[in-house]
Amino acid sequence: MFFKLTDEQLMIQSMVREFARKEVAATAAERDKTKEFPADNLKQMGELGLMGMMVPVEYGGEGADTVSYVLALSEIASACAATAVVMSVHNSIVCESIVRYGSEEQKKRILPRLTSAEIIGAFALTEPHAGSDPSAQLAAAVRDGDDYVINGTKRFITTGENCGMVIVTAKTDEAAGHKGISAFMVEKPNPGLKVGHTEDKLGLRASDTTDLNFEDCRVPAENRLGEEGDGFKIAMKGLDGGRIGIAAQSVGVAQAALDAAVKYAKGRDQFGQKISKFQGLRWIIADMATEIEAAKQLMFSAAAMKDRGEKYTMQASMAKLFASEMVNRITAKAIQMHGGYGFTSDYPVERYYRDARVFTIYEGTSEIQRIVISNSILKDKRKP
Ligand code: CAA
């Protein structure tokens, strides 16, 4: 590895690995069938300090670095990707945005409830007609005395139903484009916030993805995050961190798929020998492991840059782009190595394959990551 993990980082990895294998993996296949939200696991994760990992200790968090966080998130994703996405949005986008933009009063009031997992956070940016282009959003917030009144529909919201608080973006100045978007923390229950349609998804089935309908939803002005007009930047910065999290989810699921494929190849006899003896399969295993290692390095590199306070937007997009495409190749190969059994729910690889499919889509598609990366290169004044 390019850099050495510290003893503390290794300890966190090993603690979360043990927890994930014992507590989270046990129910993952069943939850995939029943779509039951992993509330119990998330409560335990709150107790273990996994639901506010990068939040400073004074607000109930662990004050951990991003490298520790991606190690933990990868382990949870190896066990259950549906649990991991809830952890990821909650930590990377919700908690971090409040740490970054919240007032002292907001941090003291809201963060301890999030870090203890008393409530789970959601982030509502996407709308039915504004996915890759969030500046085209239509939701609006109008100031009315000490409140804002929000109207609009948000779509594909991770944990929309099971969250206790959602950061929602809405236009406070229609004429100002992305500079007219603001962010608000809306706590549930709120009579103006209704959970709409719940998606029936290919993967990540135990994590709910819903519409959120804001109908004259009144929010105290003290719940505005940052200044009026900060909403787009809050979202973009949140997504920078979130994208490292998607790389971590990808690495975790890919590792689980490789482990399953190796276990199967070592146990399966064909033509009088274990199929792991065939060079054709050994080369596939070597390629899978190499791709996972490359993705890990990109993930660690972006996380370490973030920890050092450097600009890491491009590296986060590179890590997300490479890792999310990598895991789609790896899970497909893992099924191929299982033959017909890989196509059945008797083995976990078909779940990994379905869960991984969204990684190249959410928190910015692969195409959006390529825009971010190429923009960063072309705007770099140090380059010719
Ligand atoms: N950090 C800080 N500021 C940023 C930024 C970043 N990473 N990226 C852009 N900005 C700022 C720019 O500096 C600019 O500010 P000024 O006007 O003050 O100069 C402003 O934002 C607008 O920038 P752009 O002109 O580059 O913006 P754009 O409209 O062209 O869009 C984009 C850029 C990268 C395509 C962006 O729209 C984008 O990331 N789209 C994808 C959205 C996305 O990822 N959605 C996922 C939904 S959330 C989700 O999936 C969560 C979940 O539940 C799992």
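As a reminder, the structure under discussion sits directly above these lines.
All figures in this text were calculated on a predicted structure; none of them were measured in a lab.

Caption draft 1: Quick look at the overall build of the protein chain. From N to C terminus, the protein chain includes 10 helices and 10 strands. Over its C-alpha atoms the protein chain spans a radius of gyration of 21 Å, differing by no more than 12% from the 21 Å that the globule rule assigns to 384 residues. Over its C-alpha atoms, taken along the principal directions, the protein chain stretches across nearly 80 × 55 × 40 Å. Buried residues in the protein chain amount to 55% of all 384 residues. When the accessible area of the protein chain is evaluated, it comes to approximately 17,100 Å², of which 54% is carbon and sulfur surface.

Caption draft 2: Geometry of the packing of aromatic side chains. The tally for this structure, following the rule as stated, stands at 6 aromatic pairs. Relative to F184, the ring of Y148 has its centre 4.7 Å away and its plane inclined at 55 degrees; by these criteria the two rings are tilted. Here Y148, found in strand β3 (residues 147–158), pairs with F184, found in strand β5 (residues 181–187); they are 36 residues apart in sequence, far enough to count as distant. Accessibility classification places Y148 together with F184 in one group, the buried group. Here the aromatic cluster, defined as three or more aromatic residues joined through ring pairs, consists of Y264, Y341 and Y347. Lying over the aromatic face of F322, R329 brings its terminal NZ or CZ to 5.9 Å of the ring centre.

Caption draft 3: Looking closely at empty space enclosed by the protein. Taken as a whole and judged by the stated rule, the model has 1 cavity of 30 Å³ or more. By volume, the largest cavity amounts to about 50 Å³. Lining the largest cavity are A28, R31, D32, C80, A81, A82, L204, R205, A206, R351 and D355. Of all the elements in the fold, those that place two or more residues in the lining of the largest cavity are α1 (7–34), α4 (81–101) and α9 (349–356). Counting residues per element, the lining of the largest cavity draws most heavily on α1, at 3 residues. Considering only residue class, the lining of the largest cavity consists of 6 nonpolar, no polar and 5 charged.

Caption draft 4: Examining helix α7 (residues 279–307) more closely. With 29 residues, α7 ought to run about 42 Å at 1.5 Å a step, and its terminal C-alpha atoms sit 42 Å apart, in line with that. L281, M288, E291, I292, A295, M299, F300, A302, A303, A304, M305 and K306 are the residues of α7 that are buried. Contacts from the buried residues of α7 go to α3 (66–79), α4, α6 (231–267) and α8 (313–338). Trailing α7 by a residue or two, G309 shows a phi angle of about 80 degrees, which is positive.

Caption draft 5: Spotlight on the packing of α1 against helix α2 (residues 39–47). Running from N to C, α1 and α2 cross one another at 160 degrees; their axes reach a closest spacing of 10 Å. On the basis of their axis angle, the class for α1 and α2 is roughly antiparallel. Helix-helix and strand crossings are classified by hand; for α1 and α2 the assignment is left-handed. Within the contact between the two elements, α1 uses F19, E23, V24, T27 and R31 and α2 uses N41, Q44 and M45. Grouping the amino acids of the contact of α1 with α2 by side-chain chemistry returns 3 nonpolar, 3 polar and 2 charged.

Caption draft 6: Up close: the environment of N91. For N91, the position within the fold is in helix α4. As a C-alpha pair, N91 and Y69 span 22 residues in sequence and 8.9 Å in three-dimensional space. Polar side-chain contacts of N91 include one of 3.0 Å to the backbone oxygen of L50.

Caption draft 7: Structural view of the pattern of salt bridges. Scanning the model with the defined rule gives 24 salt bridges in all. In this structure, R308 engages E310 in a salt bridge whose closest nitrogen and oxygen atoms are separated by 2.7 Å. On the basis of relative accessibility, which here comes to 55%, the residue R308 falls in the exposed class. If you follow the salt bridges from partner to partner, you end up with E105, R109, R113, E118 and E187 in one network.

Caption draft 8: Focus on the nonpolar core. By size, the foremost hydrophobic cluster in this structure holds 97 residues, and its most contacted members are I76, M87 and I98. Residue contributions to this core peak at 17 residues, all from α6.

Caption draft 9: Seen up close, a positive patch on the surface. Residues K179, K233, K237, K311, K379 and K381 make up a contiguous surface patch of positive charge. Looking at where K237 falls in the secondary structure, it is placed in helix α6.

Rules used in this analysis
- Residues numbered from 1 in each chain as written.
- Predicted model: local features only at pLDDT ≥ 70, side-chain atom pairs only at ≥ 80, totals over all residues.
- Heavy atoms only, no water.
- Helix = DSSP H or I, 4+ residues; strand = E, 2+ residues; numbered from the N terminus.
- Rg over C-alpha atoms; globule rule 2.2 N^0.38 Å.
- Buried < 20%, exposed > 50% of the residue type's maximum accessible area, 1.4 Å probe, protein only.
- Areas by Shrake-Rupley, 256 points an atom, 1.4 Å probe, with all protein chains shown as cover.
- Phe/Tyr/Trp six-rings, centres within 6.5 Å; stacked < 30°, edge-to-face > 60°.
- Lys NZ or Arg CZ within 6 Å of the ring centre and 35° of its normal.
- 1 Å grid on protein atoms, 1.4 Å probe; cavity = no way out; pocket = protein on both sides within 12 Å on 5 of 7 lines; lining within 4 Å.
- Points joined across faces, edges and corners; volume = space filled by probe spheres on them.
- Nonpolar A, V, L, I, M, F, W, Y, C, P; charged D, E, K, R; others polar.
- Expected span 1.5 Å × (residues − 1).
- Contact = heavy atoms within 4.5 Å.
- Axes fitted to C-alpha atoms, helices over the stretch in contact; angles between N-to-C directions.
- Parallel < 35°, antiparallel > 145°, perpendicular 65-115°, else oblique.
- Left-handed = near helix turned anticlockwise from the far one by under 90°.
- Polar contact = N/O pair within 3.5 Å; in protein donor to acceptor, adjacent residues only side chain to side chain.
- Salt bridge = Lys/Arg side-chain N within 4 Å of Asp/Glu carboxyl O.
- Core = buried A, V, L, I, M, F, W, Y, C linked by side-chain atoms within 4.5 Å.
- Patch = residues over 30% accessible without salt bridge, like charges linked within 9 Å, V, L, I, M, F, W, Y side chains within 5 Å.
- Lys, Arg positive; Asp, Glu negative; His and termini not counted.
- Charge placed at Lys NZ, Arg CZ, Asp CG, Glu CD.

These figures capture arrangement, not role.
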